[in-house]
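# Per-entry structural report
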Amino acid sequence: MAQQEIAEVPSFTVTLMIRRFDPETDSEPKWVDYDVQMHGTDRVLDALHKIKWEQDGSLTFRRSCAHGVCGSDAMRINGRNRLACKTLIKDLDISAPIYVEPIKGLTVEKDLIVDMNPFYQAFKDVNPFLISNTKPEKERLQSPEDRARFDDTTKCILCAACTSSCPVFWTDGQYFGPAAIVNAHRFIFDSRDDAAQVRLDILNDKEGVWRCRTTFNCTEACPRGIEVTKAIAEVKQAILRGRP
Amino acid sequence: MSVVIETPQAPRSRKAANWEKYGWLFMRVSGPLLVVLIFTHLVVNLVLGDGIKAIDFAFVGGKWADPFWQWWDLAMLWLALIHGTNGMRTIVNDYVEKPKVRKALITTLWAVAGVLILLGTLVIFTFDPCPANGAAELLPSFCPAR
């Protein structure tokens, strides 16, 4: 049996253009370029680490789990919202610089860090928790079909990639945004929940689901593959019906 | 030592009723209707019969003497202007941040749409297909002067 040759992982030099902003010295953000030697298996997050650890310790960005679960490192990479920890450098065009910016629509605090409070506030405003009329005396059973109804929207990690890709949100910070609607959807269509009407009323707001222009930016941006625009459309339909 | 934690964001203002739902619904209903209305209008005016060469005063006068086409054009006028103005209002809401400018633009939009709807409606229902001093050969065939 022929021993299969395992190809060596290629390494290459890549240029990162990072949108940097230091509130103590800068009045405007600026582009700064860094050259780093990277491996074929490296992700954009590894490149950011390498810059921070070896070239410029002042580079500031968020990351926690670094494996696509915590949702801390959503950023705009080559004009698209992605998680830095899930974007392999070899999948990008490495013949040109890779542009890394903070997500749009939220105030930049430093470098790639934005103020997430308005985003979380919209999330809180849709009551993202189970509200039941019955006492929790025993396990709340649910059929697989009922569970499947909202399965897609349980995947959200609140990284804000969708909300900060939404052109409506960019200009109207009061809009609830795709992420908040996705998390409302997760409970509106949950058979164990009794407060769908409350959430539908909240989202039937001037700044609620009707602001959505169906541009599908959110669906494209979601690193978890949630069909965000579809979820928003389902909430619109539920509001028109008056029930989930 | 006490630490004051500022409220991260003022609570969202809640208004009981709003027209956004009905606005959205209107766009969804009027859109398909307009497709039918406008394309039928184009085919009848530009394709059927003598095609584009058929259009003259008599052609338009003849159509507006018929209640069917009067109501057809009325529906087209109202739906298209409200649909278009509401679309423009949406864009203004999306991209104009200063409340005063926003209000001024939206008021202007609806005022212009209102005037156009009023004028159009007036023309459709008060149009005289047989003006007394019109050249006889240009008038529709049912005019007594012809």
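Numbers given to residues run from 1 along each chain, matching the order in which its sequence is written. All chains are assigned letters beginning at A, and all ligands numbers beginning at 1, according to the order in which they are written. Totals for whole chains, interfaces and linings use all residues, but because this is a predicted model, local features are given only for residues with pLDDT of at least 70 and pairs of side-chain atoms are given and counted only at 80 or more. For side-chain calculations, the full set of non-hydrogen atoms in the structure is used, while hydrogens and water are omitted.

## Thoughts on the overall build of chain A
Of the regular secondary structure elements, chain A holds 8 helices and 7 strands. In terms of overall dimensions, chain A has C-alpha extents of about 65 × 60 × 35 Å along its principal axes. Remark: exposure states derive from per-residue accessible area (1.4 Å probe, protein chains only) relative to the maximum for the residue type, with buried under 20%, exposed over 50%, and partly exposed in between. The 244 residues of chain A split such that 49% are buried. Looking at chain A alone, contacts between residues at least 24 apart form 64% of all its contacts between residues at least 6 apart. To be clear on the numbers: accessible area is Shrake-Rupley with a 1.4 Å probe, and residue cover counts the displayed protein chains and nothing else. Just so you have it, chain A exposes about 12200 Å², and 49% of that area is on carbon and sulfur atoms. Residues counted as positive are Lys and Arg, residues counted as negative are Asp and Glu, and His and the chain ends are not counted. By convention, the point assigned to a charge is CZ for Arg, NZ for Lys, CD for Glu and CG for Asp. Computed over 33 positive and 36 negative side-chain charges, the inter-centroid distance for chain A is 5 Å. Comment: elements are numbered from the N terminus, with helices defined as DSSP H or I runs of at least four residues and strands as E runs of at least two. Note on contacts: a residue pair qualifies if any of its non-hydrogen atoms lie within 4.5 Å across the two residues.

## Here we look at the packing of helix 5 (residues 178–188) of chain A against helix 6 (residues 196–203) of chain A
Residue and element names in this part refer to chain A. Axes here refer to lines fitted to C-alpha atoms; in helices the fit is confined to the stretch in contact. Angles between the N-to-C directions go from 0 to 180 degrees. One can describe the packing of helix 5 onto helix 6 by two numbers: an axis separation of 9 Å at closest approach and a directional angle of 155°. Taken together, the axis directions place helix 5 and helix 6 in an arrangement best described as roughly antiparallel. Viewed along their axes, helix 5 and helix 6 form a crossing whose handedness is left-handed. Contact with helix 5, carried on its side by Ile181, Ala184, Phe187 and Ile188, involves Ala196, Arg199, Leu200 and Leu203 of helix 6 and no other residues of that element. Residues were grouped as follows: Ala, Val, Leu, Ile, Met, Phe, Trp, Tyr, Cys and Pro as nonpolar; Asp, Glu, Lys and Arg as charged; and all remaining residues, including Gly, as polar. Its residues placed into classes, the contact of helix 5 with helix 6 shows 7 nonpolar, no polar and 1 charged. Any angle that is under 35 degrees is reported as roughly parallel, and any over 145 degrees as roughly antiparallel; angles of 65 to 115 degrees are reported as roughly perpendicular and all others as oblique. Here a crossing is taken to be left-handed if its near helix is turned anticlockwise relative to the far helix by less than a right angle, and right-handed if that turn runs clockwise.

## Some details on the environment of Thr60 of chain A
Residues and elements named next belong to chain A. Looking at where Thr60 falls in the secondary structure, it is placed in the loop between helix 1 (44–55) and strand 3 (74–77). Along the backbone, Thr60 and Lys110 are 50 residues apart, and their C-alpha atoms lie at a distance of 6.6 Å. Not counting chain neighbours up to four residues away, the residues in contact with Thr60 comprise Lys110, Asp111, Leu112 and Ile113. Within 3.5 Å is the distance limit for a polar contact, defined as a pair of N or O atoms, with the added protein rule that one can donate a hydrogen and the other accept it, and that residues adjacent in sequence qualify only through two side-chain atoms. For Thr60, the side chain forms a polar contact with the main-chain oxygen of Ser58, separated by 2.8 Å.

## Things to note about a nonpolar patch on the surface
All names here are of chain B. On the surface, a cluster of nonpolar side chains totalling about 920 Å² of accessible area is made up of Val35, Ile38, Phe39, Leu42, Val43, Leu46, Val47, Leu48, Ile52, Ile55 and Val60. Sort the elements by how many residues they give to the nonpolar patch and helix 1 (residues 20–47) lands first, with 7 residues. Tracing the chain through its elements places Val35 in helix 1. For patches, a residue must show more than 30% relative accessible area and have no salt bridge; joins then use 9 Å for like charges and 5 Å for nonpolar side chains, namely Val, Leu, Ile, Met, Phe, Trp and Tyr. Salt bridge criterion: a side-chain nitrogen from Lys or Arg within 4 Å of a carboxyl oxygen from Asp or Glu.

## Regarding the interface of chain B and chain A
The interface of chain B with chain A comprises 18 residues on the first partner and 22 residues on the second. Buried area counts how much accessible surface, traced with a 1.4 Å probe, disappears from two parts once they are put together, with both parts' losses summed. For the pairing of chain B and chain A, the buried interface totals around 2000 Å² over both sides, and the portion due to carbon and sulfur atoms is 47%. The tally of links from chain B across to chain A stands at 1 salt bridge. For Asp94 of chain B, the salt bridge goes to Arg213 of chain A, with nearest N and O atoms at 3.0 Å. The tally of links between chain B and chain A comes to 2 residue pairs in polar contact (both at pLDDT 80 or more). Residue assignment for the side of chain B that touches chain A shows that the elements contributing at least two residues are helix 1 and helix 3 (67–95) of chain B. Split into classes, the residues belonging to the side of chain B that touches chain A amount to 4 nonpolar, 5 polar and 9 charged.

## Some words on the pattern of salt bridges
Opposite charge on two side chains permits them to pair, given that their charged atoms come into close proximity. Scanning all chains against the criterion turns up 17 salt bridges over all chains. Measuring nitrogen to oxygen at the nearest pair gives 3.6 Å for the salt bridge that ties Glu101 of chain A to Arg76 of chain A. In this pair, Glu101 of chain A is assigned in strand 5 (residues 98–101) and Arg76 of chain A in strand 3, connecting sequence segments 25 residues apart. Each member of the pair, Glu101 of chain A as well as Arg76 of chain A, is classed as buried. The shortest N-O distance in the salt bridge between Arg89 of chain B and Glu20 of chain B comes to 3.3 Å. With Arg89 of chain B in helix 3 and Glu20 of chain B in helix 1, this residue pair connects regions lying 69 residues apart in the sequence. Using a relative accessible area of 14% as the deciding quantity, one classes Arg89 of chain B as buried. Here the salt bridges do not stand alone but share partners, grouping Arg20, Asp56 and Asp111 of chain A into one network.

## A short note on the confidence of the model for chain B
Within a predicted model, pLDDT stands for the predictor's per-residue confidence, ranging from 0 to 100. Averaged over every residue, the pLDDT of chain B is 85; residues scoring 70 or more account for 87%. Per-element confidence in chain B ranges from a low mean pLDDT of 86 for helix 2 (residues 57–64) of chain B to a high of 95 for helix 4 (residues 99–126) of chain B.

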